[in-house]
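Notes for the structure review
These are the residues of each chain, in order.
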Amino acid sequence: MTAAERVGAGRYLDAEDVPESTVATPVELATVDGAKVAGVLRTVPGATAVAFLMHPRQDFTHHVLVPEFLRRGVAVWTQGSRTLGNDLTLLHEQALLDMAAGHVFLREQGFDTVIAVGHSGGGALAAFYIEQAGLPAQERLAGTPGGKSVPLRTATMPLPDHAVFLAPHPGQGELLLRMIDPSVADEADPLSVVPDLDPFNPANGYRPAPQASSYSPVFVERYRAAQRGRVERLDALARARVATAREAQRRFKESGDPADRRAALATEFLTVQRTDADLRCMDPSLDPNDRPYGSLFGARPDLTDYGVVGFGRLTTPEAWLSTWSALSSRAGFLRCAPAVTMPTLFIEITGDQACFPDDARAMVAAFGTSDVVHVRVRGKHFGAALVDGEPTAAALAGIEIETWLGARGIGSGAR
């Protein structure tokens, strides 16, 4: 396959895309707090640099950038968190311990250069890790927003040397803040609607899919304020449930009564109705780019908003506060970006439905380094082509990565 054919192929992780000389080694690691996490190290002959890809809950083993780095002489480490594929108990502070174990492992392998690679929700995770790793140990966070102790202060947290961000969204909570449906009238009733806030009410500017909706600035402002209000209410509910569990834990320490222990363990889950209602997904005039109509979850947000798929739909109160609440989570990209002081490549995807142009500009402006390159490639959020027959976003990103690496003397394209 020629380079031009490969750019247009749109493969995910085909054997033909990976160099024949690649050696893949599965590895299991133990974190400082005793959790087990797994990863795969892929190496190619002569590689002195390694790209570290991780997401707080998705499996990146076969990520679209794996062959892009390998073909350019850079090894790749893909790692899962302890809550891989699980939104229920995801605590970002614990995910930092998972990532720390990976960074320690890569340093032990003797790589000269470690490149943190953050795609989608992996972007905010990488930025959060860099922020905490760069602090004196005693200044790191001691626990989660819900008060659960997390030993970041005793963890070894090596910093990466470079960073690459591909279509990073603003963070799980910040993204959900724009996606959560504020027209839910009753949290126990998924069909309950406040008509004046309903994004799918024609009176508010909605047009049936795939027609473009047109929401007025007044409605947008009212809608976004109501989104924040709903998150505030969910935060209050989560904190109340965490407090109840903490009180039961305290009683158990004093009484030893199994009933108190059961009460401490029986924290109710939060069921969050309707989380696929970002106005930008129905109204392309809001922060316009090349995105198609619809959201990450489908071309009919008026339907998917009511379905079981969506961000943060079922979660523990602790995980809600740590991960899904824009008001409580510490894992927001903009909050952490000033700590990113190493050379950085930021790749914006023009058809993105999660990282919009205003988001991208704000993130790039927030970095704590002047050595940042901001490029744009056509495609969709997960790396696919924007239109059939075009190069994939992943392949176009690979070209930009090659240029950026080569200018820094990294990989087979070094000059």
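What this report covers is the structure whose coordinates are included nearby. Please read these numbers as outputs of a predicted model, since none were measured by experiment.

Looking only at helices and strands, one finds 12 helices and 10 strands in the protein. Over its C-alpha atoms the protein spans a radius of gyration of 22 Å, differing by no more than 12% from the 22 Å that the globule rule assigns to 415 residues. Judged by the C-alpha coordinates and their principal axes, the protein covers about 60 × 60 × 35 Å. Relative to its 415 residues, the protein shows a buried fraction of 55%.

Before going further, it helps to examine the pattern of salt bridges. Counted by the stated rule, this structure contains 25 salt bridges. The residue Asp181 makes a salt bridge to Arg274 at a minimum N-O spacing of 3.1 Å. One end of the pair, Asp181, is in the loop between α5 (172-179) and α6 (217-255); the other, Arg274, is in the loop between β7 (270-271) and α8 (301-304), with 93 residues separating them in the sequence. This pair shows no difference in class: Asp181 is buried, exactly as Arg274 is. What you see here is one network of salt bridges that share partners, running through Glu68, Arg71, Arg72 and Glu402.

In space, the eight strands of this open sheet follow the order β1-β2-β4-β3-β5-β6-β9-β10, with mixed pairing throughout. Whereas interior strands pair on both sides, the edge strands pair on one side only; in this sheet they are β1 (23-30) and β10 (372-377). The sheet shows a mean angle of 20 degrees between the axes of neighbouring strands, taken without regard to direction. Judged from the five bridges that link them, strand β3 (residues 49-54) and strand β5 (residues 113-119) form a sheet pairing that is parallel. The residue bridging Ala49 from the neighbouring strand is Thr113, located in β5. Across the face of the sheet, helix α4 (residues 121-133) comes into contact with β3, β5 and β6 (162-166) while running at roughly 135 degrees to β5. Packing of helix α12 (residues 393-407) onto the sheet brings it into contact with β5, β6, β9 (344-349) and β10, and relative to β9 it is tilted by some 160 degrees.

Reading the values: the criteria
Residues numbered from 1 in each chain as written. Predicted model: local features only at pLDDT ≥ 70, side-chain atom pairs only at ≥ 80, totals over all residues. Heavy atoms only, no water. Helix = DSSP H or I, 4+ residues; strand = E, 2+ residues; numbered from the N terminus. Rg over C-alpha atoms; globule rule 2.2 N^0.38 Å. Buried < 20%, exposed > 50% of the residue type's maximum accessible area, 1.4 Å probe, protein only. Salt bridge = Lys/Arg side-chain N within 4 Å of Asp/Glu carboxyl O. Pairing = 2+ DSSP bridges. Axes fitted to C-alpha atoms, helices over the stretch in contact; angles between N-to-C directions. Contact = heavy atoms within 4.5 Å.

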